[in-house]
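Fold and contact review
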Amino acid sequence: QVQLVESGGGLVQAGGSLRLACAASGGTFRWYRMGWFRQAPGKEREFVATINWSGGVTDYLDSVKGRFTISRDNAKKTVYLQMNMLKPEGTAVYYCAVDGAGYDYNYWGQGIQVTVSS
């Protein structure tokens, strides 16, 4: 019964920044983990970043470390992905996801396009 809606995507020049947001509605589950994933055309969906329920533990795809920052606001039921120094290879559809059961990401947003021009 959980719906996730991403926002903040768009077209940006290489080196620019975007902040993605994912707002959740419905459900009273515990937010064990929140994550961001991305999928480029013809490619498999890949992990980008994750954050635990308290916000104290994060993990990132190696290629985005130092440039991307994930955060969450449980009161607003929102997770963010601040993306700085964007590169053309970051062009993809980005998805937010929630692990509401403690074992897997079982809720997914519809995805939002991020396009980075060279």
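Placed above this text is the structure.
An account of the accompanying structure is given in this report. What you see is a predicted model, and the numbers here were worked out from it, not measured in a lab. (Residues numbered from 1 in each chain as written. Predicted model: local features only at pLDDT ≥ 70, side-chain atom pairs only at ≥ 80, totals over all residues. Heavy atoms only, no water.)

1. What about the packing of aromatic side chains?
Overall, the coordinates contain four aromatic pairs when judged by the stated rule. Centroid distance Phe37 to Tyr105: 5.1 Å. Interplanar angle 80°. Geometry classified as edge-to-face. Linking Phe37 in strand β4 (residues 33-39) with Tyr105 in the loop between β9 (92-99) and β10 (107-108), this pair joins segments that are 68 residues apart in sequence. Tyr105 matches Phe37 in its accessibility class, with the two residues each being buried. (Phe/Tyr/Trp six-rings, centres within 6.5 Å; stacked < 30°, edge-to-face > 60°. Helix = DSSP H or I, 4+ residues; strand = E, 2+ residues; numbered from the N terminus. Buried < 20%, exposed > 50% of the residue type's maximum accessible area, 1.4 Å probe, protein only.)

2. Regarding the pairing of strand β3 (residues 18-25)
Summarising the sheet, strand β1 (residues 3-7) and β3 pair through five bridges and their orientation is antiparallel. Within β3, the residue paired with Gln3 across the bridge is Ser25. Examined bridge by bridge, β3 and strand β8 (residues 78-83) share six bridges and lie antiparallel to one another. Bridge pairing in β8 places Leu18 opposite Met83. (Pairing = 2+ DSSP bridges.)

3. Examining unusual backbone geometry
Peptide bonds are trans in most cases, and residues, glycine excluded, mostly fall at negative phi. Even without being glycine, Lys77 reaches a positive phi, approximately 55°. Along the polypeptide, Lys77 turns up in the loop between β7 (68-73) and β8. Its relative accessible area of 24% is what places Lys77 among the partly exposed residues.

Just distances and angles here, no functional claims.
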